Amino acid sequence: MTTINNNQLSKKWIKIIIGIYLFLLIFEGALRKWIFPSFSGPLALIRDPLALACIILALRNRIITFNLFLAFTVFITIIALCTTLIVGHGNLFVSLYGARILLLHFPLIFIIGNTLNYSDILKIGRVLLLISVPMTALMIAQFYSPQSSFVNRGLGGDMEGAGFSGALGFYRPPGTFSFILGLTQFYSLTACYIIYFWFNKNLINRVLLILGTLGLIAAIPFSISRTLLFQTILSVLFMVFAALFNPKHLGKIMVGTIGIVAIFLALAFTGLLNTPIEAFTSRFEGATNIEGGVSGTIIDRYLGGMLEAILGYSDSPFFGYGLGIGTNAGGKILTGEVTTLIYAENEWSRLIGESGLLLGFLMILIRITLTVYLAFYAFIKLKKGFFLPWLLLSLCIVLIPNGQWGQITTLGFAVVTTGLLIASLKISKHKI
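The shown structure was predicted, so the numbers you read here are calculated from the model rather than taken from an experiment. (Residues numbered from 1 in each chain as written. Predicted model: local features only at pLDDT ≥ 70, side-chain atom pairs only at ≥ 80, totals over all residues. Heavy atoms only, no water.)

Describing the overall build of the protein
- Looking only at helices and strands, the protein features 17 helices and two strands.
- Of all intrachain contacts in the protein linking residues separated by at least 6 positions in sequence, the fraction that spans at least 24 positions is 75%.
- Here the protein has roughly 18900 Å² of accessible surface; of this, 70% comes from carbon and sulfur atoms. (Helix = DSSP H or I, 4+ residues; strand = E, 2+ residues; numbered from the N terminus. Contact = heavy atoms within 4.5 Å. Areas by Shrake-Rupley, 256 points an atom, 1.4 Å probe, with all protein chains shown as cover.)

A look at helix α3 (residues 48-60)
- Relative to the 18 Å expected for 13 residues at 1.5 Å per residue, α3 spans 19 Å between its end C-alpha atoms, a close match to the ideal helical length.
- Along α3, the residues classified as buried are Asp-48, Leu-50, Ala-51, Cys-54, Ile-55, Leu-57 and Ala-58.
- Trailing α3 by a residue or two, Arg-62 shows a phi angle of about 55°, which is positive. (Expected span 1.5 Å × (residues − 1). Buried < 20%, exposed > 50% of the residue type's maximum accessible area, 1.4 Å probe, protein only.)

A look at unusual backbone geometry
- In this model, Arg-62 sits at a positive phi of 55°, which is unusual for a non-glycine residue.
- For Arg-62, the location among the structural elements is in the loop between α3 and α4 (68-87).
- Classification of Arg-62 as exposed rests on a relative accessible area of 75%.
- For Ile-224, which is not a glycine, the phi torsion comes out positive at approximately 50°.
- If you trace the backbone, Ile-224 turns up in the loop between α8 (206-223) and α9 (226-243).

What about the pattern of salt bridges?
- Per the counting criterion, the structure on display carries six salt bridges.
- For Glu-354, the salt bridge is made with Arg-350, and the minimal N-O distance between the two is 3.0 Å. Of the two residues, Glu-354 and Arg-350 are both situated in helix α15 (residues 347-383); the distance of four residues between them amounts to about one turn of the helix. Each member of the pair, Glu-354 as well as Arg-350, is classed as buried.
- Through salt bridges with shared partners, a single network forms among Glu-347, Arg-350, Glu-354 and Arg-367. (Salt bridge = Lys/Arg side-chain N within 4 Å of Asp/Glu carboxyl O.)

Description of the side chain of Thr-190
- The topology assignment puts Thr-190 in helix α7 (residues 180-199).
- A residue is classified by how much of its surface remains accessible, and Thr-190, at 1% relative accessible area, is buried.
- For Thr-190, the residues in contact, after removing those within four places along its chain, are Leu-128, Leu-129 and Ser-132.

Notes on the packing of aromatic side chains
- Per the counting criterion, the structure on display carries 24 aromatic pairs.
- Taken together, a centroid distance of 5.9 Å and an interplanar angle of 50° make the contact between Phe-177 and Phe-413 tilted. Taken together, the positions of Phe-177 in the loop between β2 (170-172) and α7 and Phe-413 in helix α17 (residues 408-425) put the pair 236 residues apart, joining distant regions of the chain. Phe-413 carries the same exposure label as Phe-177, and that label is buried.
- Taken together through their ring pairs, the aromatic side chains of Tyr-118, Tyr-193, Tyr-196, Phe-197, Phe-199, Phe-386 and Phe-387 make up a single cluster.
- Above the plane of the ring of Tyr-97 lies Arg-100, whose end atom (NZ or CZ) is 4.3 Å from the centre.
- The aromatic ring of Trp-405 is capped on one face by Arg-367, whose charged end is 3.6 Å from the ring centroid. (Phe/Tyr/Trp six-rings, centres within 6.5 Å; stacked < 30°, edge-to-face > 60°. Lys NZ or Arg CZ within 6 Å of the ring centre and 35° of its normal.)

Overview of the environment of Ile-79
- For Ile-79, the position within the fold is in helix α4.
- Overall, the relative accessible area of 29% leaves Ile-79 in the partly exposed class.
- Between the C-alpha atom of Ile-79 and that of Leu-359, which follows or precedes it by 280 residues, the distance is 8.5 Å.

Observations concerning the packing of α4 against α15
- Following both chains from N to C, one finds α4 and α15 inclined at 160°, their axes separated by 11 Å at the closest point. Between α4 and α15, the angle is such that the two are roughly antiparallel. Where α4 crosses over α15, the two elements pack in a sense that is left-handed. Taken together, the residues of α15 that come into contact with α4 (itself represented by Phe-69, Phe-72, Thr-73, Ile-76, Thr-77, Ile-79, Ala-80 and Thr-83) are Ser-355, Leu-359, Leu-362, Met-363, Ile-366, Thr-369, Leu-370 and Tyr-373.
- Residues belonging to the contact of α4 with α15 are distributed by class as follows: 11 nonpolar, five polar and no charged. (Axes fitted to C-alpha atoms, helices over the stretch in contact; angles between N-to-C directions. Parallel < 35°, antiparallel > 145°, perpendicular 65-115°, else oblique. Left-handed = near helix turned anticlockwise from the far one by under 90°. Nonpolar A, V, L, I, M, F, W, Y, C, P; charged D, E, K, R; others polar.)

Structure, rendered in structure tokens:
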């Protein structure tokens, strides 16, 4: 009986820590920009102790077991850590910073999956929708404000601003995050829940659902982010595919689509979205001419990443240059400047550049295999009439195989979203 009580108590504490982890993931940038700018550097690691605490609690109470994904990942990371210190850059702090990605945060995926239940998953969705309303308001304020304004303050209180180049003189707003990428992933995860709640309106307050939907619609042009547009479209396509297994919901999709289009046209007609739509369209056309539109955003960045990583680092050291060297923090420690010492915009290039062709390729293979594994079981759940895992998969297929885990916010969203997906796969009571 004591063992059972200890297990339940540990799960309760883990849930609390996961809640704090998610809160800090969303508001970590706010702390680093506005509240404690002097501690911007240390605050970048604020979620690491939480991940470690979860691991200790989970191991002590057998809430997590070493599956093949965990076992191989930990084994390969330890080997890479050793090679980094022996034949790589040799800096212990940079090595540990790079290793923490897979030794601290990757296990948290399975802890979240083994701890949360259906009620917890829904609570997180409701909180995301609640946060999305003021987040959209903040994003609009950032869009129209100069980069020197307080709402656009950069990390460490940087007066040059946190906005990223957009179009027509407007910048891509980051919201509470340090960079537009975090805002994009926040709305991408929220979009999965918005779609799910529209099919289960009894699970959420109707007003909140409408406000959250309006916020998402407005966020796409105001973000000036093609990635958010494509990710939202991807989630919608997953929804349509899911409805094919439940023909009775095709009518809901048609009505919902008409409603969304009507809302969008109404907002556009009032003139509220005219300026952001013009900026978004301008950037979309400009990026299309340079990168090739959908081909440049999806095919070249995603599907072509593996070949580019292998060919680009065919002449690099067999064991790579060392863990952490492909991150901004690692580059700053080694050079004193915020930079990456290897080309790391592509995640697979970072993995192979840091750990070498063999170990890097194995890490990539693990992440691809995990994605396929989760897709298989999400599809099984879909056929049984429960498509929340399927909707979450629409984001996971981007964040798991080729998400930039060297970037702390992307790593956080990859951990949370994948953990939610695994947790949703455990649900035996099937709900549409």
